[in-house]
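Coordinates in review
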Amino acid sequence: MVYDIFNASFNMHCQHTHDSLFPCFVVYAVYAFLSVVNLIIGLEQDNIIDGFVTFYLKEADPHINTAHGHMISYWDGCVHYLMYLLMIAAIAWGDSYRAIGLYWMGSFLMRAIVYILGNAVGKYGTHVGPLFLLHMLYVLLSIWACFRIFSQPSTREVQPTEIQSKSILGRPLDLLFITYLIPAFGFCVFRGLVALDCSSKWCQDYTLQFEPYLKDPSAYPKVQMLVGMLYSGPYYIISLYALLVPGCEWMPDLTLVHSGAISQAQFAHIGASLHTRTPFSYRVPADSQSVVLLVNVLYMLMPQALCYRCCTRPSFFFRPEPEEKNE
């Protein structure tokens, strides 16, 4: 299917494809194929299908067989696959793919950072093999693609008459987001402290009663929470400033990157904390599953809503052009 899309799109619309974007076109087409492979890996790991990649699973690094490895296989095979197809189509038709590219960038960077650091410091740190080095080559190529995405000009156009500088009381939706950002900042810092083995009774009780997965020896959840604290924490503070002070033109792009990162992180975290590959003692307790799911799903969805608000109505974040004086 990917091969057909590649040929049909390129042959029908190659006149709209700039030569400078052709390397990106090829990279995303190859990545789309690899996403399908990852989906097959995830399905075979869960015994939904059998006999497709059995040899690879036996010879691959053991990290892929963890619950976290399952989740990133599903995410890459479904969500990243769709994003690659959208970027391929945009390049072939001569359209901008900067927005979807920034979303993919956040998702990819979060996935790569947690996976690499988790492999290095977790219980499988001594099992790093040649395939892990091949994965590093994939990461380097993806970082090159990230720079290409950032170099694209923004396509947002805002008329000067649309730019408004109302106070926060005149923007009830933004006031709702500000109300969310404050507890979200506290939540990401709190879980980061839990991952650092904070001796506070609150941290210990939270680990025992709600998310014992944070203590999983694979180290992926610990790294996930630390990256969230160091990345999402400052983001929430910056977003508070941008929602209060007009003219922060970087806000829509920042929300795209963060929403992609937090969606990938929360999907992997929620799925792995409930997956049967996670030892029973580290899974979410049955009597607190509803609370944990509600909090984590809201923590994933609210950044998506903020991103949608900033990208569809960005006028507040653009500086008005200075009026020319009539002589």
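Every value quoted in this text rests on a predicted model; they were computed, and no experiment measured them.

The rules behind the values
Every residue gets a number counted from 1 within its own chain, in the order that chain's sequence is written. In view of the model being predicted, local features appear only for residues whose pLDDT reaches at least 70, and side-chain atom pairs are presented and counted only at 80 or more, with totals across whole chains, interfaces and linings using the full set of residues. The basis for every side-chain value is the complete set of heavy atoms in the structure, and neither hydrogens nor water enter the calculation. Secondary structure elements are defined from DSSP: runs of H or I of at least 4 residues count as helices, runs of E of at least 2 residues count as strands, and each element is numbered from the N terminus. Burial here depends on accessible area, computed with a 1.4 Å probe over protein chains only, as a share of the maximum for the residue type. Under 20% is buried, over 50% is exposed, and the range in between is partly exposed. Any two residues having at least one pair of non-hydrogen atoms within 4.5 Å are treated as being in contact. Lines fitted to the C-alpha atoms define the axes, with helices restricted to the stretch that makes contact. Angles between their N-to-C directions range from 0 to 180 degrees. In these notes the angle categories are as follows: under 35 degrees is roughly parallel, over 145 is roughly antiparallel, 65 to 115 is roughly perpendicular, and the rest is oblique. In this scheme the crossing of two helices becomes right-handed for a clockwise turn of the near helix relative to the far one and left-handed for an anticlockwise turn of less than a right angle. Ten residues, namely Ala, Val, Leu, Ile, Met, Phe, Trp, Tyr, Cys and Pro, are considered nonpolar, four, namely Asp, Glu, Lys and Arg, are considered charged, and the remaining ones, Gly among them, are considered polar. UniProt positions are given in the numbering used here, feature names are shortened, and annotations may be inferred rather than shown by experiment. Each nonpolar core is a collection of buried residues, namely Ala, Val, Leu, Ile, Met, Phe, Trp, Tyr and Cys, held together in the definition by side-chain atoms within 4.5 Å. Here the term cavity refers to a set of points on a 1 Å grid, laid over the protein atoms alone, in which a 1.4 Å probe fits but cannot get out; the term pocket refers to an open set having protein on both sides within 12 Å along at least five of seven lines, with lining residues being those that place an atom within 4 Å of a point. Grid points are joined across faces, edges and corners, and a volume is the space filled by probe spheres set on the points.

Now for the side chain of Asn-38. Relative to the helices and strands, Asn-38 is located in helix H2 (residues 22–45). Given the relative accessible area of 17%, Asn-38 is considered buried. Ignoring anything within four residues of it in the chain, the contact list for Asn-38 reads Ser-73 and Asp-76.

With that settled, the discussion passes to the environment of Ile-262. Tracing the chain through its elements places Ile-262 in helix H10 (residues 251–274). Overall, the relative accessible area of 3% leaves Ile-262 in the buried class. Spatially, the C-alpha atoms of Ile-262 and Met-110 are 7.9 Å apart, while their sequence positions differ by 152 residues.

For any two helices packed against each other, one specifies the crossing angle of their axes together with the interaxial distance. At a closest axis distance of 7 Å, the pairing of H2 and helix H4 (residues 67–92) adopts a crossing angle of 155 degrees. Between H2 and H4, the angle is such that the two are roughly antiparallel. In this structure, the crossing between H2 and H4 has a hand that is left-handed. Its residues assigned to classes, the contact of H2 with H4 comprises 20 nonpolar, eight polar and one charged.

Residues annotated by UniProt as "transmembrane region" (unreviewed entry) correspond here to residues 21–41, 72–93, 100–118, 130–151 and 172–194. For the annotated span residues 21–41, helix accounts for 95% and strand for 0% of the residues, and the straight-line distance between the end C-alpha atoms is 30 Å. End-to-end, the C-alpha atoms of residues 100–118 are 27 Å apart, and along that stretch the chain is 100% helix and 0% strand.

This paragraph deals with the nonpolar core. In terms of nonpolar packing, the biggest core is built from 34 residues, with Tyr-28, Tyr-84, Ile-91, Tyr-97, Trp-104, Phe-108 and Ile-149 touching the most fellow members. For this core, the elements supplying multiple residues, two or more each, are H2, H4, helix H5 (98–121), helix H6 (130–150) and H10. If you tally residues by element for this core, the top one is H4, at nine residues. Core analysis: the next-biggest nonpolar cluster, separate from the first, contains 27 residues, Tyr-206, Leu-214, Leu-243 and Tyr-299 among them.

Scanning all chains against the criterion turns up two cavities of 30 Å³ or more. If you go around the largest cavity, the residues you meet are Met-110, Cys-188, Arg-191, Gln-224, Met-225, Gly-228, Met-229, Ile-262, Ala-265, Gln-266 and Tyr-299. It is helix H9 (residues 220–244) that provides the largest number of residues to the lining of the largest cavity, a total of four residues. Considered class by class, the residues forming the lining of the largest cavity number seven nonpolar, three polar and one charged. If you list the elements that add at least two residues to the lining of the second largest cavity, you get H10 and helix H11 (289–312). Looking at the lining of the second largest cavity element by element, the count peaks at four residues for H11. For the lining of the second largest cavity, the per-class residue count stands at five nonpolar, three polar and no charged.

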